[in-house]
Amino acid sequence: MLLVMDVNGPALEQLSRAECMRLMGTVPVGRIIYTRQALPAVELVNFALVGGDIVIRTSAEGKLAAATRGAVVAFEADSVDSFGHAGWSVTVVGQTRAVTDGTEIRGLERVALASWVPGERGHFIRVSPSIVNGRRVSGQPWQGDTRARDL
C-alpha cells in the first residue's frame, strides 16, 4: 500500500486488490464501460460480487448484452463524500461472459440482484477481473473559493 500525503491537504492511498474488491462490495451501483458501434459507452448498473466476479443482470436482447459478449470491459465503482473531500474509486478491467449454465443461472437468481428498471432481466453477465486499481483520498474540506458556481 502506497500512501502519499501533503501536510496541507488530503492523503491519497493506492489500494490493494483485496481492499478494492471489499470496497466494491459495499456499494450497489457501478459503471460498465464497453464498446458499442466502435465507440466507448458507459452505463450505470446495479451489480453484485459473486465468487470474485462482478455480476450484472440485464435483458438478453438489450444493447449491453449484445455488446459485451466475450468482450473486454472496464467497470468502475466509487463512493464520495463531497463535503469532506474524501472517497474512493475502484476500476476493474476484465473479460465478460454470458452465463448460460442452468445451474449457475439458478444460483445467481438467488443473489439479491434485482434490476432497478422494469422489464424482463433474466440474462446475467460476469466480468472476471484481470486488472484492479483503486485509490482512496481522505482529507479535509477545501478552503478555497466557496461561492456558488453555475455548472
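In case you missed it, the structure is sitting above this.
Basis of the calculations
- Residues numbered from 1 in each chain as written.
- Predicted model: local features only at pLDDT ≥ 70, side-chain atom pairs only at ≥ 80, totals over all residues.
- Heavy atoms only, no water.
- Buried < 20%, exposed > 50% of the residue type's maximum accessible area, 1.4 Å probe, protein only.
- Helix = DSSP H or I, 4+ residues; strand = E, 2+ residues; numbered from the N terminus.
- Contact = heavy atoms within 4.5 Å.
- Salt bridge = Lys/Arg side-chain N within 4 Å of Asp/Glu carboxyl O.
- Core = buried A, V, L, I, M, F, W, Y, C linked by side-chain atoms within 4.5 Å.

Novice: Even after reading the chapter, I still don't get helix H1 (residues 17-24), so can you show me in this structure?
Specialist: Since one α-helical turn is 3.6 residues long, residues separated by three or four positions face the same way. Listed in full, the buried residues belonging to H1 are Glu19, Cys20, Met21, Leu23 and Met24. Turning to H1, the residues buried within the fold contact strand E5 (48-50), strand E6 (53-58), strand E7 (72-81), strand E8 (86-98) and strand E9 (123-138).

Novice: Which parts of the structure should I look at to understand the pattern of salt bridges?
Specialist: Working definition: two side chains of opposite charge can pair if their charged atoms are close together. Enumeration over the complete set of coordinates arrives at nine salt bridges. Residues glutamate 104 and arginine 97 are paired through a salt bridge, measuring 2.9 Å at the closest nitrogen-oxygen approach. Salt bridges here are not isolated pairs; linked through shared partners, they connect Glu13, Glu19, Arg22 and Arg136.

Novice: Sorry if this is basic, but what is going on with the nonpolar core here?
Specialist: What tends to happen in soluble globular proteins is that the nonpolar side chains get buried as a cluster. Met24, Ile32, Phe47, Ile54, Ile56 and Phe75 are the most contacted members of the largest nonpolar core, which has 24 residues in total. Listing elements by their share of this core, those giving two or more residues are H1, strand E3 (29-36), strand E4 (39-46), E6, E7, E8 and E9. Broken down by element, the residue count for this core peaks at four residues, all from H1. The residues touching phenylalanine 47, leaving out its near neighbours within four places in the chain, are Met24, Val27, Pro28, Val29, Gly30, Ile54, Val55, Ile56, Phe75, Ala77 and Leu113. Formed by eight residues, the second largest nonpolar core is a distinct cluster that contains Val50, Val99, Ile105 and Leu113.

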